[in-house]
Amino acid sequence: MDDLEKRVVDLIAEVLVDVNKENIQMNSKIVEDLGAESLDIYDMIALMEDEFGLEITDEEVEKIQTVQDVANFIRERQKAS
Amino acid sequence: MTRTLREHPNSLEDGVGHRVVVTGMGMVTCLGSGVARNWEAVRSGISGIGPITLFDASQFITKIAGEVRGTFDVKGHISPKACRRLDRHQQFALIAGSDAIEDSGFTCPPEDPYRCAVIVGSGMGGLQTIESGVEVLQTKGPRKNSPLMILMAVINLAPGILATKYGFRGPNFGVVNACASGATAIGEAFRIIQSGRVDVALTGGTEAVITPLSVASFNALRALSSRNDEPEKASRPFDADRDGFVISEGSGMLVLESLEHATRRGATIHAEIVGYGSTDDAFHAVMPDPEGKGAYHAMRMALEDAGIGPEQIGYINAHGTSTELNDKMETLAIKNLFGKAAHKVPISSTKSMTGHMIGAAGAVEVIFCVSAIKTGTIPPTINLENPDPACDLDYTANKAVSRNPEYALSNSFAFGGQNASIVVKRAG
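Here's a quick rundown of the structure.

### Concerning the nonpolar core
Argument step 1. Within the largest apolar cluster, 131 residues are counted, with the highest numbers of intra-cluster contacts made by Leu254 and Val424 of chain B.
Argument step 2. By residue number, the principal contributor to this core is helix 13 (residues 361-375) of chain B, which donates 10 residues.
Argument step 3. Counting contributing residues, this core receives three or more from each of domain 1 (20-264) and domain 2 (276-426) of chain B.
Argument step 4. Those residues in contact with Leu254 of chain B that lie beyond four places of it in its chain are Val22, Gly24, Met25, Ala100, Ile186, Thr203, Gly204, Ala363, Val366 and Ile367 of chain B.
Argument step 5. In terms of nonpolar packing, the next biggest core, distinct from the first, is built from 13 residues, Val9, Ile12, Val15 and Leu16 of chain A among them.

Here is the structure:
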């Protein structure tokens, strides 16, 4: 896990009250494996936007499934800017 | 003063009244966490008031308050992660509520969850959350507010969160009644059990409004003490040198249940709730009626409800805010209702030590009434050094006394004119 990936895992762990950080893998599916519900997703988006200084649309969120997807999305967005 | 009392104490007019007992209690205040610790502090006359640390109060008229300090979640009821999603008033409610449930020994989730209610009072709910949300809106624009804002701001989430935690699926609501919120919640919980609609209620009040907006606004009303150099002496009910109330925070929660239900499961009964009266002054937005008619009638209704006369009350936990208007009005109302007995009954304002917890005050004070009955101790009104000549009753000045009250009366009076009085009776 690189630095950005670690930050993403930290934020997801912060949101998901019942999930231990150790159980979050890069290939974990955020909804299916980690049990995130809609409020958790909105909460994560708000935290990610704040942490990485970007905006994520609801359409973009729909394409994201795994923790790795989140990290990749942020990395690409950072490259683009 | 004579009046007709009902023949059957504690029975509703339709004859189906259930007796209602207290089986669980919990609290967190500026004096610490837990009923035992708080009771030890108030019977010893210790003040919990100190400098405001929750925000920078250097530019404020009032720089003191009764803050809940340190690790208030002594038993670890809420994980640090879960705290992120809970406003401070919700955290207090969870801690006091968990302590009350634990104390009651009631098995949760309940077998009959639709007969278990949660009714929680709060004056202003998640005000701190709202203040932070407004700041985000103004500095970062309309797309940056947290999705958690609403859940942390609204008052009905405290009872909602407790219902989820304990599986109570019956009636559930917040009570918004300013300084009478906690007492009103307990009164309504008492009624709903008495009427037979539920068997158990988790009820009380919670408040966390030591915030910039709240302190600045209460200052604008000239309602708060600014005795900033002597915080521990700032809350001085019935004293001529008082200069306003001292804002504080915390929560008090009780498990109430029908006597049948409590007996069936072999619960320890702390005390019985036997009377509730509620009125409004219909007088002014923030000033109490100086003649105290609303307060008088709230107390009268509570006593009639209990089926007792004033001379049977062995302790009054006064609203006693340490404002001139309240203290004089309350004294007058007690004199008018109690007649000769007014000068015999021990009275005290525990707000002299806890400060004024707004929506949590009434709940914490009903618990202090239970403790007074159980221990045979009347807690003092501290800082009563130079009594206001208009306040000439026995306020248990500065030192606890030993008495053996069978009945205690708790008063709560609100901005808005709402008044709530609760009568507590010794178990048995």
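### Digging into the interface of chain A and chain B
Argument step 1. Residue-level contacts link six residues of chain A with seven residues of chain B.
Argument step 2. Residue contributions to the side of chain A that touches chain B peak at four residues, all from helix 2 (residues 38-52) of chain A.
Argument step 3. Partitioned by chemical class, the residues of the side of chain A that touches chain B number four nonpolar, no polar and two charged.

### Focus on unusual backbone geometry
Residues and elements named next belong to chain B.
Argument step 1. Residue Pro109 is reached from Cys108 by a cis peptide bond, and omega for that bond is -5°.
Argument step 2. Phi at Arg222 is positive, roughly 60°, even though this residue is not glycine.
Argument step 3. A count of 11 C-beta atoms within 10 Å places Arg222 in the exposed class.
Argument step 4. Look at Phe238: it is not a glycine, yet its phi comes out positive at around 70°.

### Side note on the pairing of strand 9 (residues 271-280) of chain B
All names here are of chain B.
Argument step 1. Burial analysis of strand 9 places nine of its 10 residues in the buried class, which makes it a mostly covered element.
Argument step 2. In this structure, strand 1 (residues 20-29) lies alongside strand 9, joined through three bridges in antiparallel fashion. Considered in strand 9, the bridge of Val20 is made with Ile273.
Argument step 3. Here strand 9 runs beside strand 15 (residues 418-426); their pairing, made up of nine bridges, is antiparallel. Looking across to strand 15, one finds that Glu272 is bridged to Lys425.

The rules behind each value
Counting restarts for each chain, with residues numbered from 1 along the sequence as it is written. By the order in which they are written, chains take letters starting at A while ligands take numbers starting at 1. Side-chain atom pairs in this predicted model are given and counted only at pLDDT of 80 or more, local residue features only at pLDDT of at least 70, and totals for whole chains, interfaces and linings cover all residues. Structurally, a nonpolar core is described as a collection of buried Ala, Val, Leu, Ile, Met, Phe, Trp, Tyr and Cys residues joined by way of C-beta atoms within 7 Å. Counting other C-beta atoms within 10 Å of each residue's C-beta, where C-beta atoms are placed from the backbone, gives the exposure class: buried for 20 or more, exposed for 12 or fewer, partly exposed between. Only runs of H or I of at least four residues qualify as helices and only runs of E of at least two qualify as strands under DSSP, and these elements are numbered from the N terminus. Residue ranges assigned to each domain were obtained from an automatic or database domain assignment. Remark: residues whose backbone-derived C-beta atoms lie within 7 Å of one another are considered to be in contact. In the scheme used here, Gly and all other residues not listed as nonpolar or charged are polar, with Ala, Val, Leu, Ile, Met, Phe, Trp, Tyr, Cys and Pro taken as nonpolar and Asp, Glu, Lys and Arg as charged. Should DSSP find at least two bridges between two strands, the strands are regarded as paired.

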